[in-house]
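# Structural features, examined
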Amino acid sequence: MVIVEIVGASGAIFTSQGLATWYGTLEQPALAPPNWVFGPVWTTLFALMGGAVWLVWRRANAAPPVGSRARTAIAIFAVHFVFNLGWSAAFFGIQSIGIGLVVISILWVLIVVTIWAFYRVDRRAALLLVPYLLWVTFAGFLNYQFWVLN
């Protein structure tokens, strides 16, 4: 869980740069939460992701087919996590709402695929990712609204 928190927090480098200079200049969607919400939400979501990947990782050396499913699920999680960090880099780092929208759309699909892969190993792990999917759905809606308004 600690590794997921640390890697996930690395995206805050881009976020803090964008929040300080660029984000405040954008026309905000009506449903945009205050900036202070993002830290606690992402800390919670990264903890849930860490717990989920730990549940799957524990099964990585299990007998077939569970072990191979777990290793595949972990690989999918790793790919998805690149896109998670990529959204912060696109939206806040290079300050591109359009590229952010593309990245978050791909991220959403990858979260669904990750949930499916985790479900095949441990249902609890899949369920731990549902709040994350809901938040990214909301974030995708906000990203779209920023794109429309700006």
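Our structure is the block above this text.
Residues numbered from 1 in each chain as written. Predicted model: local features only at pLDDT ≥ 70, side-chain atom pairs only at ≥ 80, totals over all residues. Heavy atoms only, no water.

### As for the overall build of the chain
Rules: Numbering of helices and strands runs from the N terminus, with a helix taken as a DSSP run of H or I at least four residues long and a strand as a DSSP run of E at least two residues long. For every residue, the accessible area (1.4 Å probe, protein chains only) is compared with the maximum for its type, and the residue is labelled buried under 20%, exposed over 50%, or partly exposed between those bounds. We call two residues in contact whenever any of their non-hydrogen atoms come within 4.5 Å of each other.
Assigned secondary structure in the chain consists of seven helices and zero strands. Secondary structure of the chain in N-to-C order comes out as α-α-α-α-α-α-α. Every one of the 150 residues in the chain was classed for burial, and the buried ones make up 43%. For the chain, the proportion of contacts with a sequence separation of at least 24, taken over those separated by at least 6, is 76%.

### Points about helix α5 (residues 97–119)
Going by this rule: Helix span, expected: 1.5 Å multiplied by one less than the number of residues in the helix.
End to end, α5 covers 32 Å across 23 residues, agreeing with the expected 33 Å (1.5 Å per residue, within 8%). When we look at burial in α5, the residues that qualify are Ile97, Gly100, Leu101, Val103, Ile104, Leu107, Leu110, Ile111, Thr114, Ile115, Ala117 and Phe118. On its buried face, α5 is in contact with α3 (38–57), α4 (66–93), α6 (123–128) and α7 (130–149).

### A look at the packing of α4 against α7
What counts here: Fitted lines through C-alpha atoms serve as axes, helices being fitted only where they are in contact, and the angles separating the N-to-C directions of these axes extend from 0 to 180 degrees. Should an angle lie under 35 degrees it is considered roughly parallel, over 145 roughly antiparallel, and from 65 to 115 roughly perpendicular; all remaining angles are considered oblique. Crossings are assigned a handedness: left-handed for a near helix turned anticlockwise from the far helix by less than a right angle, right-handed for a clockwise turn.
Where α4 meets α7, the axes come as close as 13 Å, and the angle between the chain directions of the two elements is 30°. With respect to α7, the element α4 is oriented roughly parallel. Note that α4 runs across α7; the crossing there is left-handed. Within the contact between the two elements, α4 uses His80, Asn84, Trp87 and Phe91 and α7 uses Tyr132, Asn143 and Phe146.

### Here's the deal with the packing of α5 against α7
What counts here: For this classification, Asp, Glu, Lys and Arg are treated as charged, while Ala, Val, Leu, Ile, Met, Phe, Trp, Tyr, Cys and Pro are nonpolar and the rest, including Gly, are polar.
As a packed pair, α5 and α7 sit with axes 9 Å apart at the nearest point and diverge in direction by 160°. As the angle between them shows, α5 and α7 are arranged roughly antiparallel. Where α5 crosses over α7, the two elements pack in a sense that is left-handed. When α5 is examined against α7, the residues Ile97, Gly98, Gly100, Leu101, Ile104, Leu107, Trp108, Ile111, Val112 and Ile115 are found in contact with a partner set consisting of Val130, Tyr132, Leu133, Val136, Thr137, Ala139, Gly140, Asn143, Tyr144, Phe146 and Trp147. When grouped by side-chain class, the residues that make up the contact of α5 with α7 number 16 nonpolar, five polar and no charged.

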